[in-house]
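Understanding the architecture of this molecule
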Amino acid sequence: MVETLSLSLNENVEWTGGDPVPAERVIDGEPLFSTIRTVEQGAVTAGFWRCTPGRFQASRTGSDEVFTVIRGAGRVIADGSDAVQLAPGVVVVIRSGWSGVWEIDETIEKAFIITASS
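Below or above, wherever it landed, is the structure these notes cover. (Residues numbered from 1 in each chain as written. Predicted model: local features only at pLDDT ≥ 70, side-chain atom pairs only at ≥ 80, totals over all residues. Heavy atoms only, no water.)

With that out of the way, let us pick up the overall build of the protein chain. The number of helices and strands found in the protein chain is 0 helices and 9 strands. Counting every position in the protein chain, which comprises 118 residues, the buried fraction comes to 35%. Contacts in the protein chain between residues at least 24 apart in sequence constitute 65% of all its contacts with a sequence separation of at least 6. Carbon and sulfur atoms make up 47% of the accessible area of the protein chain, which totals about 7000 Å². (Helix = DSSP H or I, 4+ residues; strand = E, 2+ residues; numbered from the N terminus. Buried < 20%, exposed > 50% of the residue type's maximum accessible area, 1.4 Å probe, protein only. Contact = heavy atoms within 4.5 Å. Areas by Shrake-Rupley, 256 points an atom, 1.4 Å probe, with all protein chains shown as cover.)

Okay, structure coming up:
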């Protein structure tokens, strides 16, 4: 069976003030993040994520993520790899096992779909 997911972010969405990125992951700044989950169905989670400027370490284990940048600018840099420039319309795939750094210059908003990896 094929299922369809539809994501919609209203321009009037009220993002919360955000939660701080855990201090042990922060490299620079005081980035705050907020998540709006619109779908939680079995192995799939989808929604929207927002993060204010800063640099921090991140990793992904047990799931793959596909996201599209809606607003903002920055980079995501896998350990030992080149930076992927983030700007509106850019689509990024992050596989389970990924680790690296987010560098956010202008508050990033993204639509994401996360699926449990097999």
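After that view, the rundown keeps rolling.
Across 2 bridges, strand S1 (residues 19–20) lies against strand S3 (residues 32–41) in antiparallel orientation. Within S3, the residue paired with Asp-19 across the bridge is Phe-33. Pairing of S3 with strand S4 (residues 44–51) involves 8 bridges; the strand directions are antiparallel. Residue pairing across strands places Thr-35 opposite Trp-49, the latter belonging to S4. Hairpin connection, S3 to S4: the antiparallel pair is bridged by 2 residues, and Gly-42 has positive phi, about 60°. (Pairing = 2+ DSSP bridges.)

Right, let's talk about the side chain of Arg-75 for a bit. Considering the arrangement of structural elements, one finds Arg-75 in strand S6 (residues 63–78). On the accessibility criterion, Arg-75 (18% relative accessible area) is buried. For Arg-75, the side chain forms a polar contact with the side chain of Asp-105, separated by 2.7 Å. Apart from the residues within four sequence positions on either side, Arg-75 is in contact with Ala-83, Val-84, Gln-85, Leu-86, Val-101, Trp-102, Glu-103 and Asp-105. (Polar contact = N/O pair within 3.5 Å; in protein donor to acceptor, adjacent residues only side chain to side chain.)

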